[in-house]
Amino acid sequence: MKKIAIYGKGGIGKSTTTSNLSAALADMGKKVIQIGCDPKADSTLNLLNGQKLQPVMDYYREHDEAPGFEEVGVTGYGGVYCIETGGPTPGLGCAGRGIIATFDLLEELEVFEKIRPDVVLYDVLGDVVCGGFAAPIREGYAEKVLIVTSGEKMALYAADNINRAVLNFADRGYASVGGLILNRRNVEGEYERVEAFAKERNLPIVADIPRSGDIIRFEDQGMTVVAGDPDLPVSRKYRELAEKLMEE
Amino acid sequence: MKQAQRVLSTYSVDIFGICSALYELGGLVVIHDASGCNSTYTTHNEPRWYDIPSMVYLSGLNEIDTIYGSDSRLIRDIKEVSDETRPKFISIGGSPMPNVIGTDFKAVARMTEKATGVPTLGFRTDGIHSYVHGAGEAFLAFAKRFMVPPEEKGTKSSRISERPVDGPLRVNLLGATPLDFSVTGTVTELKTLIRENEMELVSTWAMGDTAETLASSCRADVNVVISSTGYPLARWMEKTYGIPCVTGFPVGEEATGQWIGRIRAAGLRLPEDAAAEAAKRVPGEIPADIAKNLPSDGKTLLIIGEPVAVRSFGEAAALSGKFGEIRFLCPITDAPRELTRGMMITDDEHAIRKACEKADRILADPIYGRLLPDERDKFVFLPHDAFSGRYYRDQHPVFAGPDAVKNILDAQKDLVVSERENKIEPASPVVFRA
């Protein structure tokens with residue numbers, strides 16, 4: 001079972017990347033679980049025809065008790081099992097705690113043992129502001145972190161922060177950074193900027209995703225571009241990344 | 001009022017189970033928590049506190065540590081204590097507070113081991129799971145880290161240490177902590193029974209043996225799980241070393257003979273033997289031939305408590321032939337599922353009261369008597385340290401072995417008086433003891 005956490009600056013395209021990766025893996029016949037670790041709970045939207053699923057934390061709020069296996073997630077495109085941790089209203093409570101509580105519940109319900117996925121993808125909120133947001137890279141969870149970035153200064157700044165945070169956790173036996181996913185915003189000299197950044201930190205660029213109106217077009221229809229048209233150049237990039245990850 | 005505990009106590013929590021399991025093994029047992037919140041540990045959960053030295057360290061978690069998640073101060077402090085006391089190992093777990101802020105004890109353990117050079121076990125604790133979970137994890141983690149495998153004999157099926165020809169059957173007792181057995185002689189009785197029946201007692205996890213003895217205990221022929229805290233270890237030793245296990249302890253003369261027979265059959269691997277078949281059945285389950293002969297007009301007995309104990313008492317009750325129906329209630333909701341099959345599993349006071357109302361007789365810790373104050377005569381009391389702490393420790397009977405039934409019944413008068421008189425006394429603080 002491969003377990004990968006996707007991090008990156010807010011709005012950089014983590015959920016888009018993760019969902020397309022899930023869809024591409026599912027098309028390869030792999031059993032995938034995608035876990036959105038963000039209070040916004042919108043990671044899996046495009047695997048579910050644009051429908052929001054009930055996040056685990058919302059279930060607690062409404063039912064005063066933990067959800068059972070049947071309520072913890074739903075099956076989306078290609079059999080991808082979709083879970084959203086959810087979390088409190090912004091400004092209230094403790095979102096990081098929500099992630100930890102969800103992970104505890106998944107363990108208690110033996111979700112991985114029951115579904116037996118080939119791949120688990122964690123789509124994590126951009127800012128690692130507390131212990132809860134590092135939970136996906138703890139021992140026993142993701143073994144590898146992929147950072148989504150563009151060539152924009154703030155995206156690279158966030159990528160650097162994430163990389164340094166993960167390096168700081170090395171003594172703890174946490175995941176390591178497996179590379180960068182360049183999600184292009186078409187800024188000037190974008191590839192060169194990201195390449196220089198990657199080289200300085202000894203990180204590979206594992207995928208170069210072009211900016212594409214097709215992504216937005218299919219997302220408007222509630223689906224990933226990989227599901228919408230698997231032969232488009234951008235879809236091929238996601239499929240290549242999926243194949244690469246499975247080969248490693 | 002549902003889900004409110006008005007008269008019942010709660011069972012000891014995971015971190016206290018860890019402390020209890022590892023107490024005698026020469027390690028530094030760290031509780032990461034605010035100072036002063038752990039007096040229940042010393043006053044109620046650890047009867048050995050004032051008699052057997054052990055190294056228990058309370059970190060004194062404070063507000064700033066909580067905000068910053070300062071694992072570094074914790075590790076620095078543990079290193080200082082470790083350098084001073086030179087423990088054989090270190091174990092780290094905590095209370096609900098570090099759990100809420102997401103403290104990763106496995107990561108802390110890894111860093112502590114690097115800083116101190118002392119083997120360190122980290123436990124995921126939340127102060128909400130039960131002692132069964134905590135002690136079970138502690139025994140398992142200790143074994144995985146320190147157990148020395150027997151000499152390899154080639155194939156996996158023969159990885160078990162070879163018993164000398166005509167040598168005695170070698171037995172481990174798994175799951176002995178004062179939380180389930182107190183310190184009033186029951187574990188000693190079980191050890192004596194093994195030895196008196198010409199078997200070799202290799203180790204008892206973990207009362208009365210050293211870390212070294214436990215580390216070499218996989219040379220045993222059979223494991224006997226005497227409480228559910230020993231069950232994860234038994235399963236692991238079965239899988240890793242092929243050592244079979246028998247679950248339960250004997251209550252009464254007839255049950256004692258059968259228990260010894262089951263241990264022998266399992267240890268000698270007698271596949272066709274009826275006793276070996278009996279050893280394979282659900283631990284402590286009432287055998288079908290006894291169950292079908294229960295008098296149909298007999299009374300209903302309800303037994304409440306830790307699952308291995310309740311089945312062991314259930315077996316004794318079935319053998320007595322005095323009850324038409326025997327029901328089991330396990331209030332420790334995270335006990336291993338394999339051990340609680342067929343039991344009512346609930347810690348809800350309302351549900352437990354209802355179950356008590358429906359029974360003619362109830363065997364339980366004296367605190368359960370408070371559920372039906374006008375029907376105290378229904379109860380046979382048997383104190384359980386993990387539930388009532390020190391309240392009834394002086395009245396604990398030896399509840400295993402040939403005389404167990406008599407001992408339990410003889411203790412009733414004192415227990416009823418004690419139950420009426422018990423008062424909550426002021427707790428003393430946890431201090432570091434070297």
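### Some remarks on the domain arrangement of chain B
Residues and elements named next belong to chain B. According to the domain assignment, chain B consists of domain 1 (14-129), domain 2 (159-280) and domain 3 (288-421). Measuring from the centre of the C-alpha atoms in domain 1 to the corresponding centre in domain 2 gives 30 Å. Of the residues lining the interface, 11 residues belong to domain 1; the matching set on domain 2 comes to nine residues. With three residues, the single largest contributor to the side of domain 1 that touches domain 2 is helix α1 (residues 14-22).

### Remarks on helix α6 (residues 105-116) of chain B
Residue and element names in this part refer to chain B. Its 12 residues give α6 an end-to-end C-alpha distance of 16 Å, which sits within 8% of 16 Å, the value for a rise of 1.5 Å per residue. Listing the buried residues of α6 in full gives Phe105, Val108, Ala109, Met111, Thr112 and Thr116. Next to the buried residues of α6 lie α4 (71-85), β3 (90-94) and β4 (120-122). One or two steps after α6, the chain reaches Gly117, where phi turns positive at roughly 75°.

### Re the nonpolar core
With 123 residues, the main nonpolar core has Cys19, Val171 and Val222 of chain B as its most contacted residues. Per-element tally for this core: the top contributor is helix α7 (residues 131-146) of chain B, with nine residues. Those residues in contact with Val171 of chain B that lie beyond four places of it in its chain are Ile194, Met199, Glu200, Leu201, Val202, Ala220, Val222, Val224, Ile263 and Gly267 of chain B. Within the second largest apolar cluster, 74 residues are counted, among which are Ile33, Leu105, Val148 and Tyr238 of chain A.

### A word on the sheet that holds strand β10 (residues 323-330) of chain B
The strands making up a sheet associate through backbone hydrogen bonding, with each pair oriented either parallel or antiparallel. All names here are of chain B. Strand order in this open sheet of five strands is β11-β10-β9-β12-β13, and the pairing throughout is parallel. Two strands close off the open sheet at either side, each with one partner strand: β11 (344-345) and β13 (379-381). Where strand β12 (residues 361-364) lies against β13, three bridges are found, and the strand directions are parallel. Residue Ile362 lies in a different strand from β13, and its bridge partner there is Phe379. Those strands touched by helix α15 (residues 307-320) are β9 (299-304), β10 and β12, and its axis lies near 175° from that of β10.

Definitions and cut-offs
Once a new chain begins, its residue numbering starts again from 1 and follows that chain's sequence as written. The naming scheme follows written order: chains are lettered A onward, ligands numbered 1 onward. Residues qualify for local features only when their pLDDT is at least 70, as the model is predicted, and side-chain atom pairs are given and counted only at 80 or more; totals for whole chains, interfaces and linings, by contrast, use all residues. Source of the domain bounds: an automatic or database domain assignment. By definition, residue pairs are in contact when their C-beta atoms, positioned from the backbone, come within 7 Å. Helix numbers and strand numbers start at the N terminus; a helix is a DSSP run of H or I with at least 4 residues, a strand a run of E with at least 2. Multiplying one less than the number of residues by 1.5 Å gives the expected span of a helix. Each residue is classed by its C-beta neighbour count within 10 Å, where at least 20 other C-beta atoms makes it buried, 12 or fewer makes it exposed, and intermediate counts make it partly exposed; the C-beta atoms are placed from backbone geometry. Buried Ala, Val, Leu, Ile, Met, Phe, Trp, Tyr and Cys residues form a nonpolar core when they are connected through C-beta atoms within 7 Å. Two strands qualify as a pair provided that DSSP identifies no fewer than 2 bridges between them. Every angle, taken between N-to-C directions, lies between 0 and 180 degrees, and every axis is a line fitted to C-alpha atoms, over only the stretch in contact when it is a helix.

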